[in-house]
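Chain residues, written in single-letter form:
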Number of protein chains: 4
Amino acid sequence: VVGVVGSGDDSRPAVAVARRLGELLAREGWVVLSGGRNAGVMRAVNEGAKKVPGSLTVGILPNAAAAVAPDVDVVIVTDLNNARNNVIGLSSNVLIACGVDGPGTASEVALALKNGKPVILLGVDDLTRDFFQRMEGRLDLARTPEEAVQIIRENSFC
Amino acid sequence: VVGVVGSGDDSRPAVAVARRLGELLAREGWVVLSGGRNAGVMRAVNEGAKKVPGSLTVGILPNAAAAVAPDVDVVIVTDLNNARNNVIGLSSNVLIACGVDGPGTASEVALALKNGKPVILLGVDDLTRDFFQRMEGRLDLARTPEEAVQIIRENSFC
Amino acid sequence: VVGVVGSGDDSRPAVAVARRLGELLAREGWVVLSGGRNAGVMRAVNEGAKKVPGSLTVGILPNAAAAVAPDVDVVIVTDLNNARNNVIGLSSNVLIACGVDGPGTASEVALALKNGKPVILLGVDDLTRDFFQRMEGRLDLARTPEEAVQIIRENSFC
Amino acid sequence: VVGVVGSGDDSRPAVAVARRLGELLAREGWVVLSGGRNAGVMRAVNEGAKKVPGSLTVGILPNAAAAVAPDVDVVIVTDLNNARNNVIGLSSNVLIACGVDGPGTASEVALALKNGKPVILLGVDDLTRDFFQRMEGRLDLARTPEEAVQIIRENSFC
């Protein structure tokens, strides 16, 4: 299971990256787990994954009112609101942050590190990299979705 | 998605019922969602479901230390401990209690009713039936797994 | 810390009992902890407690939108919705159910028993008593607020 | 209610700052709310607050096994583990991060911003400041506990 987090803002460049990432992860046969909302990186990563026949996508929703991305196969409704951000990392073998453009994604990265989960920062700038790199925990950097997949393979995270 | 809850005690008669129930639910093409632990009703319902090719099982675990039932396909680790009991009903279209033999299952039934989810009590005695029947919420009674499936179909819960 | 749970319905007879209970608990010097909403047993128990100078009341709210009872001193906003029902018992030395008139209160009693917390059922009928009495856990019965206080004292729950 | 978060590591310079901060907050008559563990900033801020007669301190504990700081008046046991980090900010009018030395504190700051709560970063370096400053949300910077109190007063956060 690979967790993917990122902005719910559709205008971010990370959205196209997430679509490609979802497809690559699904091709490896890995389950794609995300925040599940019908917005931004969450929608795109599921869209990419479902291009691959036999893929499986899981969405961890904040509450019952949140619109679900159409390509989520298994919907988990937590009603925990932002505390659900902790469940995403805990349920993943490794977490990929497809950009860290807001506090929601920042909290997901921080909580995953706190819980001892490996994190891959994909396409982040130097400031984000420097901020997380000095913290405890296993952190890798990728410039492309292909690199992220390579890191997971080489480290046998999945 | 059909949620199934029940005792973690392997000696309960509900365990054999749960195995049969899991198989029937999977044959209908419904996802079987449970508390996911490797014990009692949780283990049995997943075992039954995975006899059916193409079935999908989801387990909502209380924490990372809990042993996972071998037939769970998608493992969600919440680290919420007993607060995870609320997530099981919220993520299900309908919740089946395969016996109400302890306070954990009683809390899952009560929380599902509180959240407005339909509940089916399967194989419970008169006391349990009477206790929940006077509460708000949609409650049905089944004597056999076959009856439970019939209730879901007739009411289009799934 | 004594947790007090019960119906959010203002028309229940348990509401007057809760007001008296809150006053008695506060006179003993115990902190009164509740679900904190401005309704039914929650409002009444805080109202009773704050008649006593120097008393302290804590409310565990389901979310930020919930109206807070005016006599709650410390407001904890969980945003967990009904999963907050688990926090009430966990944060109490003993839980008193001032009637079990709906599934919310039933879940709070069940979760407290599951978490190994002693529970006192105050003013419940035979059906509710019989339902919880056969479950694991420490359960006492009281007919009046005075009896509930007596049980806490005799067992040194606080 | 002022939430205070920071490292559980006793050797951090932030610990002495937290002790002074707790005292100043309590002198203003504000409730001091923290993660409640008997370590680092959490212990120190409660210690400082309880030097002031009539002060009130609240601790939001991750689970029942966590050691509680001796100066916490009201202990809330969530059993949510790191998801409790979301409850700290939600229950505070304003959150002060007394250093951001690890992923736990980083998650608390990020979640508070996500939930729309004002945050004051006290004694952080330029990297931490720059990382959070470009995110949505209300963020202030303080070099000393006195400055933090001044910011709360000027903005009527409490």
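Residues numbered from 1 in each chain as written. Chains lettered and ligands numbered in written order. Predicted model: local features only at pLDDT ≥ 70, side-chain atom pairs only at ≥ 80, totals over all residues. Heavy atoms only, no water.

A. Layout of the interface of chain C and chain D. With 14 residues of chain C in contact, the opposing surface of chain D contributes 14 residues. Carbon and sulfur atoms supply 73% of the area buried between chain C and chain D, which totals about 1,200 Å² over both sides. Taken as a group, Ile76, Val77 and Leu90 of chain C account for 34% of the area that chain C buries against chain D, more than any other trio of residues on that side. Summed over the shared surface of chain C and chain D, the number is zero salt bridges. Inspection of the chain C/chain D interface yields two residue pairs in polar contact (both at pLDDT 80 or more). Those elements that place two or more of their residues in the side of chain C that touches chain D are β3 (57-61), β4 (74-77) and α3 (84-90) of chain C. It is β4 of chain C that provides the largest number of residues to the side of chain C that touches chain D, a total of four residues. Along the lines of polarity and charge, the residues of the side of chain C that touches chain D split into eleven nonpolar, two polar and one charged. (Contact = heavy atoms within 4.5 Å. Buried area = accessible area lost by both parts, 1.4 Å probe. Salt bridge = Lys/Arg side-chain N within 4 Å of Asp/Glu carboxyl O. Polar contact = N/O pair within 3.5 Å; in protein donor to acceptor, adjacent residues only side chain to side chain. Helix = DSSP H or I, 4+ residues; strand = E, 2+ residues; numbered from the N terminus. Nonpolar A, V, L, I, M, F, W, Y, C, P; charged D, E, K, R; others polar.)

B. Focus on the relation of the copies chain D and chain A. Placing chain D over chain A gives an RMSD of 0.0 Å and needs a rotation angle of 180°, together with 0.0 Å of translation along the axis. Those values place the two copies in the arrangement expected of a two-fold rotation axis. Relative to the rotation axis, the closest C-alpha in chain D is found at serine 107 of chain D, a distance of 2.2 Å. Comparing interface residues between copies, 100% of those in chain D also sit at the interface in chain A, which points to an isologous, same-surface contact. (Least-squares fit on C-alpha atoms with pLDDT ≥ 70 in both.)

C. Looking closely at the sheet that holds strand β3 (residues 57-61) of chain D. Residue and element names in this part refer to chain D. Across the sheet, which stays open at both edges, the seven strands sit in the order β4-β3-β2-β1-β5-β6-β7 with parallel pairing between neighbours. Only two strands of the sheet have a single neighbouring strand rather than two, namely β4 (74-77) and β7 (139-142). Averaged over all neighbouring strand pairs, the angle between strand axes comes to 25°, with direction disregarded. Pairing geometry for strand β1 (residues 2-5) and strand β5 (residues 94-98), over four bridges, is parallel. Counted as the bridge partner of glycine 3 is leucine 95 from β5. (Pairing = 2+ DSSP bridges. Axes fitted to C-alpha atoms, helices over the stretch in contact; angles between N-to-C directions.)

D. Fine view of the interface of chain D and chain A. Counting residues at the interface gives 25 residues for chain D, matched by 25 residues for chain A. The interface formed by chain D and chain A contains two salt bridges. The salt bridge involving arginine 134 of chain D is made with aspartate 125 of chain A; its shortest N-O contact spans 2.5 Å. Where chain D meets chain A, there are six residue pairs in polar contact (both at pLDDT 80 or more). The set of elements that each furnish at least two residues to the side of chain D that touches chain A consists of α3 (85-90), α4 (103-114) and α5 (126-133) of chain D. Sort the elements by how many residues they give to the side of chain D that touches chain A and α4 of chain D lands first, with eight residues. Tallied by class, the residues present in the side of chain D that touches chain A amount to twelve nonpolar, eight polar and five charged.

E. Expanded view of the pattern of salt bridges. Residues and elements named next belong to chain C. Counting across every chain of the model gives 56 salt bridges over all chains. Its salt-bridge partner being arginine 27, residue glutamate 23 comes within 2.7 Å of it at the nearest N-O pair. Here glutamate 23 and its partner arginine 27 are both found in helix α1 (residues 14-27), four residues apart, which amounts to about one turn of the helix. Given a relative accessible area of 15%, glutamate 23 falls into the buried group. (Buried < 20%, exposed > 50% of the residue type's maximum accessible area, 1.4 Å probe, protein only.)

F. Here's a closer look at the relation of the copies chain C and chain D. With an RMSD of 0.0 Å, chain C superimposes on chain D once it is rotated by 180° and translated 0.0 Å along the axis. By residue overlap, the copies meet face to face through one surface: 100% of the interface positions of chain C are interface positions in chain D.

G. Expanded view of the packing of α1 of chain C against helix α2 (residues 40-49) of chain C. Residues and elements named next belong to chain C. Packing of α1 against α2 leaves a shortest axis separation of 6 Å and a crossing angle of 35°. As for how α1 packs across α2, the hand of that crossing is right-handed. Seen from α1, the contacting residues are Ala14, Val15, Ala18, Arg19, Gly22, Glu23 and Ala26; seen from α2, they are Gly40, Val41, Ala44, Val45, Glu47, Gly48 and Ala49. Each residue belonging to the contact of α1 with α2 can be placed in one class, and the counts come to eight nonpolar, three polar and three charged. (Left-handed = near helix turned anticlockwise from the far one by under 90°.)

Any functional reading would require information beyond the geometric quantities listed.
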